[in-house]
Amino acid sequence: MAELIVMLTNNDVTVPDAFETFEEVKDLPVKYWGFKDHGMEPAKMKELTQNMKAAGKTTFLEVVSYTEEECMRGAKLAVECGFDYLIGTLFYDSVYEYIKTTDLKYCPFAGKVSQNPSILQGTAEEMLAQEAEFAAKGCDGTDLLGYRYVDGNPTALSAEYIAKAEKPVILAGSVGSDERVAEVLKMNPWTYTMGSALFNKNFVKDGSFRENLEYVLNLMK
């Protein structure tokens, strides 16, 4: 069954109270945790990553960057902070050659990703060909911004990609309702990310971050 990656981010930026939020909910049965490379200085990012790992969590740094220089910076930051996974970035051979010299696992974006907030373009065939190429090179999986797809039906695109991909798929972004969670569970990717929906109380309108997360975990049972 698809697992949840809780992102301590809102509107694609790591939240100011990420430390406190994690401490309040780290006892909940969520194995995968992450945040963005924006909103927190590197020393604090490293400290938060180590806190997560000390609590037995698997850690993810999501980098939404498009230039080779920015993607390399993200990869080096992920290694410096001790993350388990780097997710996002456009794929560059130079970046992956660096990652292969480290213990970092890597799931780059599939498809044509651009703009801010990000959009996804391309066809399922193009994305799956790209995914097969990444798999052949040794990448650990891909990061699919399925619900940011603008060239057709996001759900149909995501379902086809997840069903046919060779390696694990992270479905990232814009899962913020009971209906979307149900859709994701039916598509059954390896994992999916959620951050803003929890901080914006999409599920329990007057509830805390914890109560919203507990609600989503109950939906997943």
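Throughout, a residue's number is its position along its own chain's written sequence, starting from 1. Residue-level local features of this predicted model are given only where pLDDT is at least 70; pairs of side-chain atoms are given and counted only at 80 or more, and the full residue set underlies all totals for whole chains, interfaces and linings. Remark: hydrogens and water are excluded; side-chain values derive from all non-hydrogen atoms of the structure.

Draft legend 1. Layout of the pattern of salt bridges. Salt bridge, as used here, is a side-chain nitrogen of Lys or Arg placed within 4 Å of a carboxyl oxygen of Asp or Glu. Per the stated rule, a full pass over the model turns up 12 salt bridges. Between Arg-210 and Asp-27 there is a salt bridge, and its shortest N-O distance comes to 2.9 Å. With Arg-210 in helix H9 (residues 209-219) and Asp-27 in the loop between helix H1 (18-25) and strand E4 (32-36), this pair connects stretches of sequence that are 183 residues apart. Only protein chains enter the calculation, and the probe is 1.4 Å; a residue is then buried if its accessible area is under 20% of its type maximum, exposed if over 50%, and partly exposed in between. When its relative accessible area of 25% is taken as the criterion, Arg-210 is described as partly exposed. On the basis of relative accessible area, Asp-27 is assigned to the exposed category, the value being 53%. Between Lys-164 and Glu-160 there is a salt bridge, and its shortest N-O distance comes to 3.1 Å. With a gap of four residues between them, Lys-164 and Glu-160 both fall in helix H6 (residues 154-164), about one helical turn apart. Overall, Lys-164 belongs to the exposed group, its relative accessible area being 55%. In DSSP terms, a helix is any run of H or I states spanning at least four residues, a strand is any run of E spanning at least two, and both are numbered starting from the N terminus.

Draft legend 2. Just the packing of helix H5 (residues 124-137) against H6, in detail. Fitted lines through C-alpha atoms serve as axes, helices being fitted only where they are in contact, and the angles separating the N-to-C directions of these axes extend from 0 to 180 degrees. Two numbers describe how H5 lies on H6: the axes approach to 10 Å, and their chain directions differ by 30°. The orientation of H5 relative to H6 falls into the category roughly parallel. The handedness of the crossing between H5 and H6 is right-handed. Taking contact as the criterion, the partners of Ala-124, Glu-125, Met-127, Leu-128 and Glu-131 in H5 are, on H6, Leu-157, Glu-160, Tyr-161 and Lys-164. Orientation labels follow simple angle bins: below 35 degrees gives roughly parallel, above 145 gives roughly antiparallel, 65 to 115 gives roughly perpendicular, and whatever is left gives oblique. Crossing handedness is defined as follows: a turn of the near helix away from the far one that is anticlockwise and smaller than a right angle gives a left-handed crossing, while the clockwise case is right-handed. Here, two residues are considered to be in contact whenever any of their heavy atoms come within 4.5 Å of each other.

Draft legend 3. Broad picture of the layout of surface pockets. Considering only enclosed or pocket space, the largest pocket measures out at about 420 Å³ in volume. Considering the residues around the largest pocket, the lining is formed by 24 residues, among which Asp-12, Arg-148, Gly-173, Ser-174 and Ser-196 are closest to the centre. Contributions of two or more residues to the lining of the largest pocket are made by strand E12 (191-194) and helix H8 (196-199). Counted by class, the lining of the largest pocket contains eight nonpolar, 12 polar and four charged residues. Definitions used throughout: a 1 Å grid over protein atoms alone; a cavity as a set of points that fits a 1.4 Å probe which cannot get out; a pocket as an open set with protein on both sides within 12 Å along at least five of seven lines; a lining residue as one with an atom within 4 Å of a point. Grid points are joined across faces, edges and corners, and a volume is the space filled by probe spheres set on the points. Counted as a void, the second largest pocket has a volume near 160 Å³. Together, Met-1, Ala-2, Glu-3, Leu-4, Pro-29, Val-30, Lys-31, Leu-217, Met-220 and Lys-221 line the second largest pocket. Among the residues forming the lining of the second largest pocket, the class breakdown is seven nonpolar, no polar and three charged. Only Asp, Glu, Lys and Arg are considered charged, only Ala, Val, Leu, Ile, Met, Phe, Trp, Tyr, Cys and Pro nonpolar, and every remaining residue, Gly among them, polar.

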